[in-house]
Amino acid sequence: MSLKAVGVLSLCASASAFAPTPIRPRTSTAVSMADDVEGPGKINGLIDLDSPKVVNNEVLAPGKKGVYCRCWLSGTFPACDGTHAKHNDATGDNVGPLIVAAAKEE
């Protein structure tokens, strides 16, 4: 592939990053986001709503792993409790947890 082709390919790929993403309305399901979520695109309707930003800091012991919620529906947030599986079944979504492992000490 020529350098010119790579440049054009890069330009096309980066330009698509700025294209507006349509907001899809949420489907009402048994395992849906909280009913009190206000505004289009808002995700969190359950966790620490009075805080301007939800931030969690976790320190893992060497050799341990953490499984963290990315669906905002976990009853044990920030830890994942598997609620995303019901959400995925009900909505066709594909969200899953973030899994982080700390290296073992040598």
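Quick caveat: nothing in here was measured; it's all calculated off a predicted structure. (Residues numbered from 1 in each chain as written. Predicted model: local features only at pLDDT ≥ 70, side-chain atom pairs only at ≥ 80, totals over all residues. Heavy atoms only, no water.)

Draft legend 1. The arrangement of the overall build of the protein chain in detail. Helix and strand counts for the protein chain come out as two helices and two strands. Moving toward the C terminus, one meets the helices and strands of the protein chain in the order α-β-α-β. Looking at the protein chain residue by residue over its 106 residues, the buried ones come to 20%. Looking at the protein chain alone, contacts between residues at least 24 apart form 47% of all its contacts between residues at least 6 apart. About 8,400 Å² of surface is accessible on the protein chain, with carbon and sulfur atoms providing 57% of the total. (Helix = DSSP H or I, 4+ residues; strand = E, 2+ residues; numbered from the N terminus. Buried < 20%, exposed > 50% of the residue type's maximum accessible area, 1.4 Å probe, protein only. Contact = heavy atoms within 4.5 Å. Areas by Shrake-Rupley, 256 points an atom, 1.4 Å probe, with all protein chains shown as cover.)

Draft legend 2. Fine view of the pairing of strand β1 (residues 65–68). Along β1, the buried face is formed by Gly 66 and Tyr 68; none of Lys 65 and Val 67, which line the opposite face, is buried. Both β1 and strand β2 (residues 98–101) contribute to a ladder of four bridges, which runs antiparallel. Opposite Gly 66, over in β2, you have Val 100 as the bridge partner. (Pairing = 2+ DSSP bridges.)

Draft legend 3. How the structure looks around the packing of aromatic side chains. Inspection of the entire model under this criterion finds one aromatic pair. For the ring pair Trp 72 and Phe 77, a centre distance of 5.0 Å and an interplane angle of 20° mean the geometry is stacked. On the basis of relative accessibility, which here comes to 22%, the residue Trp 72 falls in the partly exposed class. (Phe/Tyr/Trp six-rings, centres within 6.5 Å; stacked < 30°, edge-to-face > 60°.)

Draft legend 4. Spotlight on helix α2 (residues 83–91). Along α2, the positions that sit buried rather than exposed are Thr 83, His 84, His 87 and Asn 88. Projected onto a plane normal to the axis of α2, the buried residues spread over an arc of 135° and lie on a single side. Structural note: α2 exposes Lys 86 and Asp 89 on the side pointing more than 90 degrees away from its buried face. In the segment just after α2, Gly 92 is the residue with positive phi, at about 80°. (Arc of directions from axis to C-beta.)

Draft legend 5. A look at the environment of Trp 72. Tracing the backbone shows Trp 72 in the loop between β1 and α2. Among all residues touching Trp 72, those that are not within four sequence positions of it are Ile 43, Asn 44, Leu 46, Ile 47, Val 54 and Phe 77.

Draft legend 6. Region of interest: the confidence of the model for the protein chain. Of the residues in the protein chain, 65% reach a pLDDT of 70 or more, and the chain-wide mean stands at 76. Counted against residues more than four places away or in other chains, residues 1–32, with its pLDDT under 50, gives 16 contacts. (pLDDT = per-residue confidence, 0-100.)

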